[in-house]
Amino acid sequence: MIDYLALSIGHGLIAIALLRLVMRDGLDVDPFLQAFKPKASGRRKARGKTRQPSHRDASDLPKDLEAGEETQR
Amino acid sequence: MMGLIFLSFIGYMLLLGARRPFLWVLLYVYIDILAPQRIGFGLIQSIPVSLVAFLAAFGGYLVFDKKEFVSFSWRQGLLLALLAYCFWTTGNADFAESAATKWSWVWKALLFAIFLPFTLTSRLRLEAMALLMVLAIGMIVISTGMKITLGGGGYGNLKFFVDDNSGIYESSTLATVAIALTPLIYRADILVPADTHRHRGAHRPVMHRGAGGFDVALHQKARAVCDRRGGAGADRAAVPSAKLLRSDGDHHSTGRG
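Each chain carries its own residue numbering, running from 1 in the written order of its sequence. Going through the entries in the order they are written, you letter the chains from A and number the ligands from 1. Given that the model is predicted, a residue must reach a pLDDT of at least 70 before its local features are reported, and side-chain atom pairs must reach 80 or more before they are shown or counted; all residues, however, enter totals for whole chains, interfaces and linings.

A few points about the overall build of chain B
Basically, it comes down to this: Secondary structure elements follow DSSP: runs of H or I of four or more residues count as helices, runs of E of two or more count as strands, with numbering from the N terminus. For every residue, the other C-beta atoms within 10 Å of its own C-beta are counted; 20 or more classify it as buried, 12 or fewer as exposed, and values in between as partly exposed. C-beta atoms are placed from the backbone. Whether two residues are in contact depends on their C-beta atoms, placed from the backbone: they are in contact if these lie within 7 Å.
Regarding its fold elements, chain B presents 14 helices and zero strands. The helix and strand sequence of chain B, counted from the amino end, reads α-α-α-α-α-α-α-α-α-α-α-α-α-α. Here chain B holds 257 residues, and the buried ones make up 29% of them. Within chain B, counting contacts between residues at least 6 apart in sequence, those at least 24 apart form 68% of the total.

Observations regarding the packing of helix 9 (residues 123-151) of chain B against helix 10 (residues 171-180) of chain B
Residues and elements named next belong to chain B. Test applied: Orientation is described by axes fitted as lines to C-alpha atoms, over the contacting stretch for helices, and by angles from 0 to 180 degrees between their N-to-C directions. Here the word oblique covers every angle except those under 35 degrees (roughly parallel), over 145 (roughly antiparallel) and from 65 to 115 (roughly perpendicular). In this scheme the handedness of a crossing depends on how the near helix is turned from the far one: anticlockwise by less than a right angle means left-handed, clockwise means right-handed. Put simply, Ala, Val, Leu, Ile, Met, Phe, Trp, Tyr, Cys and Pro go in the nonpolar bin, Asp, Glu, Lys and Arg in the charged bin, and everything else, Gly too, in the polar bin.
Closest axis-to-axis distance for the helix 9/helix 10 pair is 11 Å, and the angle between their directions is 120°. Between helix 9 and helix 10, the crossing angle belongs to the class labelled oblique. Of the two possible hands of crossing, helix 9 and helix 10 adopt the one that is left-handed. Here Ile137, Ile140 and Val141 of helix 9 come into contact with helix 10, specifically with Leu174, Val177 and Ala178. Of the residues contributing to the contact of helix 9 with helix 10, the split by class is six nonpolar, no polar and no charged.

Details of the environment of B:Val106
All names here are of chain B. If you trace the backbone, Val106 turns up in helix 8 (residues 104-119). Of the residues examined, Val106 has 13 C-beta atoms within 10 Å and is grouped as partly exposed. Separated by 20 residues in sequence, Val106 and Cys86 place their C-alpha atoms 8.0 Å apart.

A few points about the packing of helix 1 (residues 2-22) of chain A against helix 1 (residues 2-17) of chain B
The packing of two helices is summarised by the inter-axis angle and the distance between the axes. Two elements in contact, helix 1 of chain A and helix 1 of chain B, have axes whose closest approach is 11 Å; the angle formed by their N-to-C orientations is 10°. Taken together, the axes of helix 1 of chain A and helix 1 of chain B are roughly parallel relative to one another. Contacts from A:His11, A:Ala15, A:Leu18 and A:Val22 of helix 1 of chain A reach helix 1 of chain B at B:Phe9, B:Tyr12, B:Met13 and B:Leu16. For the contact of helix 1 of chain A with helix 1 of chain B, a count of residues per class yields seven nonpolar, one polar and no charged.

What about the nonpolar core?
Here is a general trend for soluble globular proteins: nonpolar side chains tend to be buried in one another's company. Spelled out, the test is: The nonpolar core criterion groups buried Ala, Val, Leu, Ile, Met, Phe, Trp, Tyr and Cys residues into a set whenever they are joined through C-beta atoms within 7 Å. Domain delimitation follows an automatic or database domain assignment.
Formed by 37 residues in total, the largest nonpolar core has its most connected members in B:Leu27 and B:Ala53. Elements with a contribution of two residues or more to this core: helix 1 of chain A together with helix 1, helix 2 (22-34), helix 5 (49-64) and helix 9 of chain B. Residues from two domains meet in this core; each of domain 1 (1-70) and domain 3 (122-185) of chain B gives at least three. Residues in contact with B:Ala53, not counting those within four places in the same chain, are B:Trp24, B:Leu27, B:Tyr28 and B:Ile31.

Brief notes about unusual backbone geometry
One non-glycine residue, B:Ala35, adopts positive backbone phi at about 55°. Turning to its location among the elements, B:Ala35 is positioned in the loop between helix 2 and helix 3 (36-39).

Comments concerning the environment of B:Ala130
Summarising the element assignment, B:Ala130 is placed in helix 9. For the pair B:Ala130 and B:Ile185, spaced 55 residues apart in sequence, the C-alpha separation works out to 9.0 Å.

Some points on the confidence of the model for chain B
All names here are of chain B. Our working definition: The predictor attaches a confidence to each residue, and that confidence, scored 0 to 100, is pLDDT.
Across chain B, the average pLDDT comes to 76, with 72% of residues at 70 or higher. Here residues 197-213 scores under 50 on pLDDT; set against residues more than four positions off or in separate chains, the count is 26 contacts. Confidence drops under pLDDT 50 across residues 232-257; counting only partners more than four residues distant or on other chains, this segment forms 73 contacts. Confidence estimates for the predicted assembly give a pTM of 0.69 and an ipTM of 0.71.

Things to note about the confidence of the model for chain A
Residue and element names in this part refer to chain A. On average, residues of chain A score 70 in pLDDT, and 49% of them reach the 70 mark or higher. Per-element confidence in chain A ranges from a low mean pLDDT of 50 for helix 3 (residues 63-72) to a high of 91 for helix 1. Counted against residues more than four places away or in other chains, residues 68-73, with its pLDDT under 50, gives two contacts.

Set out below in structure tokens:
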């Protein structure tokens, strides 16, 4: 009886979670990570294959991050 | 009867996976943890559900996944080295047949451990995986815990779903995993969009601050991939993770619990 109770609770919750999961767009494509993609491909094309990326280039920061940096300063 | 219920549930997950193939990865994890083929009787014992789930997860990833932000980390390399070592020691063992039986679960676990990071490419996937682990192990823990509380127990006297002292059903392993999963249980916003809390005007509770653990892991991965590709991520090396998280709209998540 205890086994059935535990299995019912767990499977019920998993079934609900999966159903909600299927309807979420962020499952396959993370909206935040997409912000990396266009800039990465754009810069890659601009630089070519030989040049290594610089480690400090403020032009790559998203606007909200730049704003955050300035606010803190 | 139990076997049919488990088969129906596996069928349900396979069906949902047709729309989101990542669910097949979750299916394999569910089967690997709970081992429904050992709990149920009848038809489910004759079907290699674990193999089916693995093939679905691997095939689904190869065919349908977008494979963005995928990278091969040094940890995966280490696991690959261990897999090769496992293969070599098993093949050259004095008792090769016994060794192969003993280590059959090891190479399967290593193989999946190498494969799994390729599929965890979004925050939601990470959270879904965490939730499934908590719920699958929770079933075993709830059942066993209730039996101990109500009827007593002791070393070697635990009554699990299956009478098999191996894998997660080994009492010491289960105790360790149960304790290790405790922080994940406090992830109250799993599968609930972070914005929902703000729109409702509710304050995010303190435990939400722990949510940053996933964020940091994923964002570091994204940055590492961009870094390797020579993209914008490389230029963000000096930006603290907390600031990156703010751009996600999660103003309370700091990446530190």
